[in-house]
Protein chains: 2
Amino acid sequence: MVKNTVMKNKLKELSFGQAHVAEASAVLLILGDKSQYDIEKVVNYSIKHHLIENDQAENKRKRIETYFATHPEDKEETGLRLDLGLFSMNLMHVIRAFGYDSVPMRGVNFNDVLDYLKISEKLFPIMLLPIGKARSHGHDHIREDSKNFTTIIH
Amino acid sequence: MVKNTVMKNKLKELSFGQAHVAEASAVLLILGDKSQYDIEKVVNYSIKHHLIENDQAENKRKRIETYFATHPEDKEETGLRLDLGLFSMNLMHVIRAFGYDSVPMRGVNFNDVLDYLKISEKLFPIMLLPIGKARSHGHDHIREDSKNFTTIIH
C-alpha cells in the first residue's frame, strides 16, 4: 500500500498518466506469491491452526496432490490470476463497506513498478488498486444482461 | 447452470466424487469467452449504449490498443482467469445476499465436463460453483492476518 505522494506520482507516470492514481488516498499494488502453493506449507498451516488433526495430514496432502496433478497450471502464475481475482473483488467489497471506492487497473507498466518499488521478482503483479473517497461520479457502465450469457439446463 | 439431477450426478463423478456437487440445488459452470476482448466489439457496445459518442470512438479504440499492447496476455486465457475471478467472487456475494451458499471448485476434470455438456472448445472453463442452502456447517477456515502480507509505504 503506497500512501507516499512522491511515489503515487511516479505510479501515475507508470500507468499512462491516469490522474486517479496520484489523486487516490492510497494505491494498493496487489501481488501474487506462488510459494504459498507449497503443499507442505498448506498442510502444516492446517495442523498448526487445528483445522485438521495430525492423522488427517496424509489424506489432505494426497487430495491436494491429486488436484495439482489434474491442474498443474493452478500453482503457477496462471493460478495466481484466478485466486487473486477472487481475492481482489472481495477486497473491493470490503473497501466499499467502509465507504470508500476503488478502481482495479491493469493498464500499468508493472515491470517498471516492481523495479521502482524494489519488489522481488518472485512476486507476480496482479493489479494496481487506487482507493479513496469519490469526489465525482465515475464513468457510466452498462452491465450485460445475465440472460444473454446464461443457459439453464433443467 | 445445471439443475438436472442426472447431470449433477455426472458432474459429481467428474469432480472426484465430491458429494456437494450432486447435493447442490444447482451447479454453475463458469466459462470465459475470449471473443469478448475484441476491440471493435467493446467500442461498438459503448457507442450503442451511449457510454461514448461517435467522435470518442477513435480515442477509446487507441486506449484499449495501448493497453493490450502492454499486456497481450490479458486478452488470452490468462486474462480470462483474472477477469472471471473478479466476476465469480462478485457472483458469490450476490448468491450470499439472496441467502444461499456456494463453493468455488477447481478440482474438476473440466475437459470431460465440456465433452459431456457439449460445450464449444472456444469457451474456457474457470470453475464449478455448486449453490444451495447450507444444511450443515462447512469446513472451518483460518484467514491469514493481513498484517502478515501487507506493507504500508508512508
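Residues numbered from 1 in each chain as written. Chains lettered and ligands numbered in written order. Predicted model: local features only at pLDDT ≥ 70, side-chain atom pairs only at ≥ 80, totals over all residues. Heavy atoms only, no water.

The name an unreviewed UniProt entry assigns to chain A is NADH dehydrogenase, from the organism Liquorilactobacillus uvarum DSM 19971. A UniProt comment under Sequence similarities (unreviewed entry) is attached to chain A, and it reads "Belongs to the nitroreductase family." (UniProt positions renumbered as here; feature names shortened; annotations may be inferred.)

(A) Fine view of the interface of chain B and chain A. Counting from both sides, the interface comprises 43 residues of chain B and, opposite them, 44 residues of chain A. Here chain B packs against chain A, burying approximately 3700 Å² in sum over the two surfaces, 67% of which is carbon and sulfur. Ranking the residues of chain B by area buried against chain A places R81, L82 and I153 of chain B at the top, with a combined share of 17%. At the boundary of chain B and chain A, one finds eight salt bridges. Two residues, E73 of chain A and R106 of chain B, come together in a salt bridge whose shortest N-O distance is 3.2 Å. Here chain B and chain A share 28 residue pairs in polar contact (both at pLDDT 80 or more) between them. Of all the elements in the fold, those that place two or more residues in the side of chain B that touches chain A are α4 (57-70), α5 (77-97), α6 (110-117) and β3 (123-132) of chain B. At 11 residues, the largest contribution of residues to the side of chain B that touches chain A is made by α5 of chain B. Looking at the side of chain B that touches chain A, its residues break down into 21 nonpolar, 14 polar and eight charged. (Contact = heavy atoms within 4.5 Å. Buried area = accessible area lost by both parts, 1.4 Å probe. Salt bridge = Lys/Arg side-chain N within 4 Å of Asp/Glu carboxyl O. Polar contact = N/O pair within 3.5 Å; in protein donor to acceptor, adjacent residues only side chain to side chain. Helix = DSSP H or I, 4+ residues; strand = E, 2+ residues; numbered from the N terminus. Nonpolar A, V, L, I, M, F, W, Y, C, P; charged D, E, K, R; others polar.)

(B) Representation of the environment of N111 of chain B. Residues and elements named next belong to chain B. With respect to the helices and strands, the residue N111 is situated in helix α6. Classification of N111 by relative accessible area gives exposed; the value is 58%. The sequence separation of N111 and F124 amounts to 13 residues, and the corresponding C-alpha distance is 9.8 Å. (Buried < 20%, exposed > 50% of the residue type's maximum accessible area, 1.4 Å probe, protein only.)

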